[in-house]
Amino acid sequence: MPTVPAPENLAQTLAALQAAGLERLDAQLLLLHVLGQPPHQRGWLLTHDTDLLSPERATVLKLLAQRRLSGEPLAYITGQKEFFGLMLQVDARVLVPRPDTETLVNWAREALAELPEKTHNSQPTRVLDLGTGSGAIALALKASQTALQVHAIDVSADALAVARANAQLLKLDVTCSQGAWLAGLSNNALKFDCIVSNPPYIASLDPHLAALTHEPLQALASGADGLDDLRLIIVQAPSHLKPGGWLLLEHGYDQAAAVRNLLSAAGFMQVQSRCDLAGIERCSGGQLNPTHTP
Ligand code: GLN
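Description of the structure in this document. Since the structure is predicted, the reported quantities are computational estimates derived from the model, not experimental observations.

**Focus on the packing of helix α1 (residues 10-19) against helix α2 (residues 24-34)**
Viewed as axis vectors pointing N to C, α1 and α2 meet at an angle of 130°, and their least axial separation amounts to 9 Å. Taken together, the axes of α1 and α2 lie oblique to each other. The way α1 lies across α2 gives a crossing that is right-handed. Contacts from L10, T13, L14, L17 and Q18 in α1 reach R24, A27, Q28 and L31 in α2. By residue class, the composition of the contact of α1 with α2 is five nonpolar, three polar and one charged.

Okay, structure coming up:
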């Protein structure tokens, strides 16, 4: 007589996923996903460890686990990723937002907080996110300071569709427009207090790219030394910054000195770098001369 496998409880399911090679956190998040539970409910799994998993859900879970084991980012499988406390919808049209990029958001918030006091009739404080992808940076800044006027540009119409959908879901008013870096501005005369960007910065022959095959190459690779897009942004940004405005850029683990040199060569002042969560210089930026006249 064929033996029918006994239905597994949640604890057994998690153990089986880990035995198949999944990391514990990924196994927990996939299980929560098939159970329709939000990702912050990992504690719920512990208190329901003897609940049985239905055969239908077990089948779905197995397929999702196979996708994860083949290297697909978890965020594409569950369709969401938390960034700066916001739940963003993501898929293969955009880069998965990385926790390291929160360094850039925090820096932008500090730079904006240090702007000189506004007079009541002055322009609104304006921020631009170049290469917005899922909208992560633009939406995080808007969510943390709703009075900001936030613009977001991406060259990819697909990415902009994701960013717009996230803005709508989160009810955050961000102006999205399409184009290559600053050529994407809908109004070329706009000047910003801060321009932020996490552009593609991986060298086109860097072996790390091999591990990132599920994400859009257009959002990752940037020429022989990975600096092609950073160079363009640094050259284009000054004419779109207000005097004293900041340009803040994310870059690769070994690019800080090169980016600082590019910023200084373009006339930026206060050129400096900030470290990511791993202590690696991950962002560099500079301030346009406060007395700059375009
Ligand atoms: N930080 C990402 C990675 O190396 C790359 C992001 C980017 O190119 N902007 O995984």
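**Comments concerning the pairing of strand β9 (residues 281-287)**
When you tally the buried positions in β9, you get six out of seven residues, the bulk of the element. Across five bridges, the pairing between strand β7 (residues 241-250) and β9 is antiparallel. If you follow E250 over to β9, its bridge partner there is C283. Here strand β8 (residues 269-275) pairs with β9 via five bridges, running antiparallel. Bridging across to β9, C275 finds its partner in E281. Hairpin remark: β8 followed by β9, antiparallel, with five residues in the connecting loop; positive phi at G279, about 80°.

**Side note on the site of the ligand**
If you check the shell around the ligand, you find L95, R98, N198, P199, P200, Y201, I202, L212, A219, L220 and E250 and nothing else. Between the ligand and R98 there is a distance of 2.9 Å, counted from an oxygen atom to a side-chain nitrogen or oxygen. Within the backbone of P199, a nitrogen or oxygen atom sits 2.7 Å from a nitrogen atom of the ligand. Burial of the ligand by the protein chains amounts to 84% of its free accessible area of 300 Å².

**Examining the packing of aromatic side chains**
For the structure on display, the rule yields one aromatic pair. The interplanar angle of 40° and the centroid separation of 6.3 Å between the aromatic rings of F83 and F84 together place this pair among those described as tilted.

**A few points about the side chain of H251**
Relative to the elements of secondary structure, H251 occurs in the loop between β7 and α10 (256-265). Assessed through its relative accessible area of 0%, H251 is described here as buried. A polar contact of 2.8 Å, which involves the side chain of H251, links it to the side chain of S284.

**So, the pattern of salt bridges**
Scanning all chains against the criterion turns up ten salt bridges. A salt bridge links R260 to E281; the shortest N-O distance between them is 3.3 Å. Of this pair, R260 sits in helix α10 while E281 sits in strand β9, placing them 21 residues apart in sequence. With a relative accessible area of 33%, E281 lands in the partly exposed category. Salt-bridge contacts for R282 lead to D276; the nearest nitrogen and oxygen are separated by 3.1 Å. Judged on exposure class, the residue R282 and its partner D276 are both buried. Here the salt bridges do not stand alone but share partners, grouping D225, D228 and R231 into one network.

**Section: unusual backbone geometry**
Leaving glycine aside, a negative phi is the common case for residues, and trans is the common case for peptide bonds. One non-glycine residue, K171, lies in positive phi territory at about 55°. By the element assignment, K171 lies in the loop between α8 (157-169) and β5 (174-178). Assessed through its relative accessible area of 73%, K171 is described here as exposed. One non-glycine residue, Q270, lies in positive phi territory at about 50°. In this structure, Q270 sits in strand β8. Residue Q270 is classed as exposed on the basis of its relative accessible area of 51%.

**With respect to the layout of surface pockets**
Estimated volume of the largest pocket: approximately 760 Å³. Contributing to the lining of the largest pocket are 34 residues, with L29, L74, A75, K81 and V96 lying nearest its centre. Those elements that provide at least two residues to the lining of the largest pocket are α2, α5 (74-78) and β1 (80-83). Per-element accounting of the lining of the largest pocket gives the leading share, five residues, to α2. Taken together, the residues of the lining of the largest pocket sort by class into 16 nonpolar, nine polar and nine charged.

Calculation rules
- Residues numbered from 1 in each chain as written.
- Predicted model: local features only at pLDDT ≥ 70, side-chain atom pairs only at ≥ 80, totals over all residues.
- Heavy atoms only, no water.
- Axes fitted to C-alpha atoms, helices over the stretch in contact; angles between N-to-C directions.
- Helix = DSSP H or I, 4+ residues; strand = E, 2+ residues; numbered from the N terminus.
- Parallel < 35°, antiparallel > 145°, perpendicular 65-115°, else oblique.
- Left-handed = near helix turned anticlockwise from the far one by under 90°.
- Contact = heavy atoms within 4.5 Å.
- Nonpolar A, V, L, I, M, F, W, Y, C, P; charged D, E, K, R; others polar.
- Buried < 20%, exposed > 50% of the residue type's maximum accessible area, 1.4 Å probe, protein only.
- Pairing = 2+ DSSP bridges.
- Near = heavy atom within 4 Å.
- Polar contact = N/O pair within 3.5 Å; in protein donor to acceptor, adjacent residues only side chain to side chain.
- Areas by Shrake-Rupley, 256 points an atom, 1.4 Å probe, with all protein chains shown as cover.
- Phe/Tyr/Trp six-rings, centres within 6.5 Å; stacked < 30°, edge-to-face > 60°.
- Salt bridge = Lys/Arg side-chain N within 4 Å of Asp/Glu carboxyl O.
- 1 Å grid on protein atoms, 1.4 Å probe; cavity = no way out; pocket = protein on both sides within 12 Å on 5 of 7 lines; lining within 4 Å.
- Points joined across faces, edges and corners; volume = space filled by probe spheres on them.

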